[in-house]
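Report on the structure
Here is how the chains run, residue by residue.
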Amino acid sequence: MPPVRARIAAAIAQLLFADHARPVEWLSALSLAWCAQLFLTTHQLFTRAGYSAFLYLPPRVWGLVFGVVALVHLAGMWPGRAAGTLRFVGMAFAAGAWSVIALNFWSSDSGAPFVSRLTTVVAMAAAATALYLGALGGRRP
Amino acid sequence: MTDSPLLLAAALMPATPTPQDLSLLAWLAQQSVPFALAIVGVLLILGLILKASGFSGIGKTSKLVDDDKIAAIAENLGAIEKRLGTVEHDVSQRATRDEMHRLELSFTRMEGRFESLSATTQATANAVSRIEEYMYSAALRIKEQPR
């Protein structure tokens, strides 16, 4: 493979697949960032049906919480001394956030059976990844 | 594959919730923040327990290699340093290129001197041989003279 293409491939691999936990981190960070953007810009969102689990806090607070979790994800991806701890803490809070999203879809009257299952899988993946990061820092044992 | 994480997760999930489930879910949905914080707390505590029990994905990444491996590597490194020191000492005792060149010149000069010495020795041997021959014939002549 020519050096330029090999360098590009290595950079993409390092960005997206640096270790086993990184794809889940990207999925969680981008999804939560998008949720944060939705909550921060759509103030009347919770007046619609199907957001019962989010009524505990105002939309802006949820937006800030999800945005902070996404930022912690991104900060943890940056190499540094505290990266391991940031990744673990970020993924633990992401598991909490995804649990709220999954709980919301399970409890909503609107059903959304596919989304409820999908978000539950993501919540479980986030929790498993948090434990994986806590135990091994994303590396193979 | 039955051991796929996704299939396992799907099997663990409940089927379509019944009205009783919905009431529980509705109550949980009302308590969404404590529910999420409980999950986060459990995960953080599990992470700390893992950290305390020797796993080290968080905190100092230098602990990712266990102490036995580090000790073995340090031991090997010490042995390599010792061997390297011996080789360095041995090399420092060897003649340099200049010294070898000077030795080569010395040998060439000695070779020339030996050749001239050999010629001189041969001439001396010839002279001694002639003297011996003269003395031997002189002695014979004296012996043959009548008294």
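Figured I'd write up the structure that's included with this text. Just so you know, the residues in each chain are numbered from 1, in the order the chain's sequence is written. Here the convention is simple: chains get letters from A, ligands get numbers from 1, in the order in which they are written. Per-residue local features are limited, in this predicted model, to residues with pLDDT of at least 70; the limit for side-chain atom pairs, both in listing and counting, is 80 or more; totals at the level of whole chains, interfaces and linings are taken over all residues. Computation of side-chain values: all heavy atoms of the structure, hydrogens and water removed.

Now for helix H5 (residues 113-136) of chain A. All names here are of chain A. Under the scheme used here, helices are H or I runs from DSSP no shorter than 4 residues and strands are E runs no shorter than 2 residues, and both carry numbers assigned from the N terminus. One less than the residue count of a helix, multiplied by 1.5 Å, gives the span that helix is expected to have. Helix length check: H5 (24 residues) gives 34 Å between terminal C-alpha atoms against 34 Å at 1.5 Å per residue, within 8%. All of the buried residues along H5 are Ser116, Thr119, Thr120, Val121, Val122, Ala123, Ala126, Thr129, Ala130, Leu133, Gly134 and Ala135. The first or second residue beyond H5 is Gly137, which carries a positive phi of 65°. Only protein chains enter the calculation, and the probe is 1.4 Å; a residue is then buried if its accessible area is under 20% of its type maximum, exposed if over 50%, and partly exposed in between.

So, about a nonpolar patch on the surface. Candidate patch residues must exceed 30% relative accessible area and have no salt bridge, after which like charges are joined if within 9 Å and Val, Leu, Ile, Met, Phe, Trp or Tyr side chains if within 5 Å. Each accessible area is a Shrake-Rupley estimate made with a 1.4 Å probe; only the visible protein chains count as cover when residues are assessed. When a carboxyl oxygen of Asp or Glu lies within 4 Å of a side-chain nitrogen of Lys or Arg, that pair is called a salt bridge. A surface patch of nonpolar side chains, about 570 Å² in accessible area, is lined by Val4, Ile8, Ile12, Leu15, Leu16 and Phe17 of chain A. Looking at the element boundaries, Leu15 of chain A is found in helix H1 (residues 3-16).

We call a set of buried Ala, Val, Leu, Ile, Met, Phe, Trp, Tyr and Cys residues a nonpolar core when their side-chain atoms join them within 4.5 Å. The biggest cluster of nonpolar side chains holds 30 residues, and the ones touching the most others in it are Leu32, Phe39, Phe54, Trp62, Phe66 and Trp98 of chain A. Of all the secondary-structure elements, those providing two or more residues to this core are helix H2 (22-41), helix H3 (59-77), helix H4 (83-107) and H5 of chain A together with helix H3 (32-52) of chain B. Examining the composition of this core, we find that nine residues originate from one element, H4 of chain A, more than from any other.

Residues and elements named next belong to chain A. Each Phe, Tyr or Trp ring (for Trp, its six-membered ring) is paired with any other whose centre lies within 6.5 Å, and the angle between the two planes then decides the class: stacked below 30 degrees, edge-to-face above 60, tilted in between. For the structure on display, the rule yields six aromatic pairs over all chains. For the pair Trp62 and Phe66, a centre-to-centre distance of 5.8 Å together with 75° between the ring planes defines the contact as edge-to-face. With Trp62 and Phe66 both in helix H3, this residue pair falls four residues apart, about one helical turn. In this structure Trp62 comes out as buried when scored by relative accessible area, which is 4%. Put simply, the rings of Phe39, Tyr51, Phe54, Trp62 and Phe66 touch in pairs and so form one group of aromatic residues.

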